[in-house]
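# Examination of the molecular architecture
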Amino acid sequence: MSKLFKVGGILIGVGILTIVGTGIASGDWNGLYASVNRYTEVDPYVATGEVHTIEIDTNNRRIILSPTTEATVTIAYYESEFDHIDIEETNQVLSITNPMDWQANFVFSFNLLTLSQERTIYVGVPVTGQYSIDIYTKNGAINVSNMDNIHTIDASTLNGSIYFNQVKDLTSLDANSANGTISVLGTTVTGEMDVSTSN
C-alpha cells in the first residue's frame, strides 16, 4: 500500500512540474489553461419567480452587480467542463454557486491566472423591488454599483478587492476582504456599517 501511495505521489509531482514548467516556458498561463479548459458563454439566466434575496458563493469568480431594466433578476456568465455555475430558486431566494472540479481549482489556487471576462458573473438586479445581497467569493473581486433598492449587503472575499459605488439607502453594509482593498464611494448606509480588510 505504501508503494502505491509513493507511486501516486510521484505521478502527481510529475503533473505539477509539467504544468509549472510549461507555464514558465511559454510565459502564458492563461493560454495554457484555456487550451484544456475552454469557456463558453451560457444563455443568460432569467429568474422565473419572485426574488428578494440573492446569495452568491463562488470559488474563483469576479462578481459584478448592477441595475437592469428587466422585470426580474438576470445572470450572465461563462462556464467550462471543470468550472460551472449552479443556480437555484427557493422561497424567494436566488442562489448562485460555483462547484469547481479539482483540475480548475488546482490552477487557481496558485494564482496563476487573472480573472478574465470568462470568469466573471454579471448579476442584473431590477430597479424595482427590494433586495438583500449575500456574496462570498474565494478568489475574486466584488463590484456593486448604481443601486438604490438594496436593504442589506454582506460581501466577503478571501483574495480580491470590493467596490461599492453609488449604492444608496442601505440599512446595513458588511464587507470583508482578507487580502484586498475595499472602496466605498457615494454610498449611504442608514444603519450598521462594518468594513474590514486584513491585508
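Coordinates for the structure precede this section.
Before going into details, it helps to say that this report is about the structure given with it.

What follows is about the pattern of salt bridges. Taken as a whole, this structure holds one salt bridge when the rule is applied. Ionic pairing is found between Arg 61 and Asp 83, a salt bridge with its closest N-O pair at 3.4 Å. Placement of Arg 61 in the loop between β3 (53-58) and β4 (62-68) and of Asp 83 in the loop between β6 (78-79) and β7 (86-90) is noted, with a sequence separation of 22 residues between them. Judged by its relative accessible area of 0%, Arg 61 falls in the buried class.

On the surface, Glu 55, Asp 57, Asp 134, Asp 154, Asp 174, Glu 192 and Asp 194 cluster together into a patch of negative charge. Among the secondary structure elements, Asp 154 is positioned in strand β12 (residues 150-157). On the basis of relative accessibility, which here comes to 33%, the residue Asp 154 falls in the partly exposed class.

Quick look at the sheet that holds strand β14 (residues 170-177) now. Judged by pairing direction, the sheet is mixed, and its seven strands sit side by side in the order β7-β8-β3-β10-β12-β14-β16 without closing on themselves. Looking at the sheet topology across the chains shown, the edges are occupied by β7 and β16 (189-197). Going from strand to strand, the sheet's axes swing by 5° on average, the running direction of each strand aside. Examined bridge by bridge, β14 and β16 share seven bridges and lie parallel to one another.

With that settled, the discussion passes to the environment of Gly 160. Summarising the element assignment, Gly 160 is placed in the loop between β12 and β13 (162-167). For the pair Gly 160 and Asn 139, spaced 21 residues apart in the sequence, the C-alpha separation amounts to 6.2 Å. In this structure Gly 160 touches Gly 140, Ala 141, Ser 177, Asn 179, Gly 180 and Thr 181, once residues within four positions along its chain are discounted.

One open sheet holds the seven strands; their spatial order is β2-β5-β9-β4-β11-β13-β15, and the pairing between them is mixed. A strand with exactly one partner marks an edge of an open sheet, and here the two such strands are β2 (45-46) and β15 (182-185). Here β4 runs beside strand β11 (residues 142-147); their pairing, made up of three bridges, is parallel. Bridged to Ile 64 within β11 is Asn 143.

Definitions and limits used
Residues numbered from 1 in each chain as written. Predicted model: local features only at pLDDT ≥ 70, side-chain atom pairs only at ≥ 80, totals over all residues. Heavy atoms only, no water. Salt bridge = Lys/Arg side-chain N within 4 Å of Asp/Glu carboxyl O. Helix = DSSP H or I, 4+ residues; strand = E, 2+ residues; numbered from the N terminus. Buried < 20%, exposed > 50% of the residue type's maximum accessible area, 1.4 Å probe, protein only. Patch = residues over 30% accessible without salt bridge, like charges linked within 9 Å, V, L, I, M, F, W, Y side chains within 5 Å. Areas by Shrake-Rupley, 256 points an atom, 1.4 Å probe, with all protein chains shown as cover. Lys, Arg positive; Asp, Glu negative; His and termini not counted. Charge placed at Lys NZ, Arg CZ, Asp CG, Glu CD. Pairing = 2+ DSSP bridges. Axes fitted to C-alpha atoms, helices over the stretch in contact; angles between N-to-C directions. Contact = heavy atoms within 4.5 Å.

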